[in-house]
Amino acid sequence: TPIQRWFFARQPQRPDHYNQARLVRLDPAVTPHDLAAAADALLAHHDVLRLRIADSPDGPYQSFPAHRPAGPGAAVGPVGSPALVWRLDDATDESSLTRLQGSLNLREGPVTRLGWRPGSLIWVVHHLAVDAVSWRILLDDLMNQPITEGDIFANANTIILMGRVRSEGRMGRALYVAKHRGSY
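Once a new chain begins, its residue numbering starts again from 1 and follows that chain's sequence as written. Totals for whole chains, interfaces and linings use every residue, but because this is a predicted model, local features are given only for residues with pLDDT of at least 70 and side-chain atom pairs only at 80 or more, for both listing and counting. Excluded from the side-chain calculations are hydrogens and water; all other atoms, namely the structure's heavy atoms, are used.

1. Quick word on the overall build of the chain
In this description a helix means any DSSP run of H or I spanning at least four residues, a strand means any run of E spanning at least two, and both kinds are numbered starting from the N terminus. The helix and strand inventory of the chain stands at 5 helices and 7 strands. From first element to last, N terminus to C terminus, the chain shows the α and β order α-β-α-β-β-β-β-α-β-β-α-α. When burial is assessed residue by residue, the chain has 42% of its 184 residues classed as buried. We call two residues contacting when some pair of their heavy atoms lies within 4.5 Å. Counted over contacts in the chain with a minimum sequence separation of 6, partners at least 24 positions apart contribute 62%. Counting every atom, the chain has about 10500 Å² of accessible surface; 52% of that belongs to carbon and sulfur. In this scheme, a residue with accessible area under 20% of its type's maximum is buried, one over 50% is exposed, and one in between is partly exposed, where area comes from a 1.4 Å probe on protein chains only. For the area figures, the Shrake-Rupley method with a 1.4 Å probe applies, and any residue is considered shielded solely by the protein chains shown.

Here's what the structure looks like:
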C-alpha cells in the first residue's frame, strides 16, 4: 500500500516499534481469558491483525496468514511471553508497558498484543495495521460482544462480529493495479 511504501522508504531503525496503543476500561469481572477469547475472534475476523511483512526483490511484501487459534493456556501469559494477552501486574509499570509496545514483530507476528489488568486493558497494534478510523472499528468489534450496558463481556462464550470487512491485502492489491493502469 502507499503508506507501507512510505514507511519502509524511511528505513526506520526499529520498524516493529511503530505502533499505536489504546487504554480501555473493562468491567472488573472480565478475566484475561475472556479478553483472549474476544481478541482471538478479532484476529480471525480482521485479516490486518495477522499482517506480516516480508522482503522481496520488489520491496516489502505483505501477507495475511491463516488464523490459528491459540491452544488452551497459550493465549494468556506473563509479560514477555509469546501469549496474545499479557497479565500486567501494575499498569503504571513503565518497563512492562514499554515491553508490550516493543513486542510486535512485522515479519513473524504478532502485530497486535493486549495487556490486561483487572478493570482495564492496554491494546497495542502496529501502525501499518491500524489508523484512527480502523481503531473505531476494532474497538467497536471488541466491545460489541454479547453484552448489556455496563456489563462488558457478560457472555464471552459467544462471540458475535459484524459482517467481514474488506481485507487490507485485497485493498492494497486493488490500489497497486489501479496505479499501474493509470487510474490511480
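Back to the text.
2. Brief notes about the packing of aromatic side chains
In summary, the pairing rule links any two rings of Phe, Tyr or Trp, Trp by its six-membered ring, whose centres are within 6.5 Å, and it sorts them by plane angle into stacked for under 30 degrees, edge-to-face for over 60 and tilted for everything else. Counted according to the given criterion, the structure contains 3 aromatic pairs. Centre to centre, the rings of Trp123 and Trp135 are 5.4 Å apart; their planes meet at 85 degrees, and the pair counts as edge-to-face. Within this pair, whereas Trp123 is found in strand 7 (residues 120-126), its partner Trp135 is found in helix 4 (residues 132-143), the two being separated by 12 residues in sequence. Among the aromatic residues, those joined into a cluster by ring pairs are Phe7, Phe8 and Tyr18.

3. Digging into empty space enclosed by the protein
Cavities and pockets were defined on a 1 Å grid built over protein atoms only: a cavity is a set of grid points that admits a 1.4 Å probe from which the probe cannot escape, a pocket is an open set flanked by protein on both sides within 12 Å along at least five of seven lines, and lining residues are those with an atom within 4 Å of any such point. Grid points are joined across faces, edges and corners, and a volume is the space filled by probe spheres set on the points. Evaluated as defined, the whole model comprises 1 cavity of 30 Å³ or more. Here the largest cavity defines a volume of roughly 50 Å³. Along the walls of the largest cavity sit Ala39, Leu42, Leu43, Leu49, Leu84, Thr112, Leu114, Trp123 and Leu142, which together make up its complete lining. Elements supplying a minimum of two residues to the lining of the largest cavity: helix 2 (32-45) and strand 6 (112-117). It is helix 2 that provides the largest number of residues to the lining of the largest cavity, a total of 3 residues. All residues other than Ala, Val, Leu, Ile, Met, Phe, Trp, Tyr, Cys, Pro, Asp, Glu, Lys and Arg, Gly among them, are scored as polar; the first ten of these are nonpolar and the last four charged. Taken together, the residues of the lining of the largest cavity sort by class into 8 nonpolar, 1 polar and no charged.

4. Details of the nonpolar core
Membership of the largest hydrophobic core comes to 34 residues, with the highest contact counts inside it found for Leu51, Val85, Leu106, Leu114, Leu121, Trp123 and Leu142. For this core, the element with the most residues is helix 2, which contributes 6 residues. Leave out the neighbours within four places in its chain, and Val85 touches Pro32, Leu35, Ala36, Ala75, Val76, Gly77, Leu114 and Trp116. Put simply, buried Ala, Val, Leu, Ile, Met, Phe, Trp, Tyr and Cys residues joined by side-chain atoms within 4.5 Å make one nonpolar core. With 7 residues, the next largest nonpolar core counts Trp86, Leu104, Ile122 and Val124 among its residues.

5. Here's the deal with the packing of helix 2 against helix 4
Under this scheme, a helix contributes an axis fitted over its contacting stretch, all axes are lines through C-alpha atoms, and angles between N-to-C directions fall in the 0 to 180 degree range. Running from amino to carboxyl end, helix 2 crosses helix 4 at an angle of 130 degrees, the nearest separation of the two axes being 10 Å. Relative to helix 4, helix 2 is oriented oblique. Helix 4 is crossed by helix 2, and the crossing has right-handed handedness. Facing Leu35, Ala38, Leu42 and His45 of helix 2, the residues of helix 4 in contact are Leu138, Asp141 and Leu142. The residue inventory of the contact of helix 2 with helix 4, partitioned by class, reads 5 nonpolar, 1 polar and 1 charged. Should an angle fall under 35 degrees it is called roughly parallel, over 145 degrees roughly antiparallel, and 65 to 115 degrees roughly perpendicular, with every other angle called oblique. For any helix crossing, the convention is left-handed if the near helix is rotated counterclockwise from the far helix by under a right angle, and right-handed if that rotation is clockwise.

Nothing here speaks to function; it is geometry throughout.
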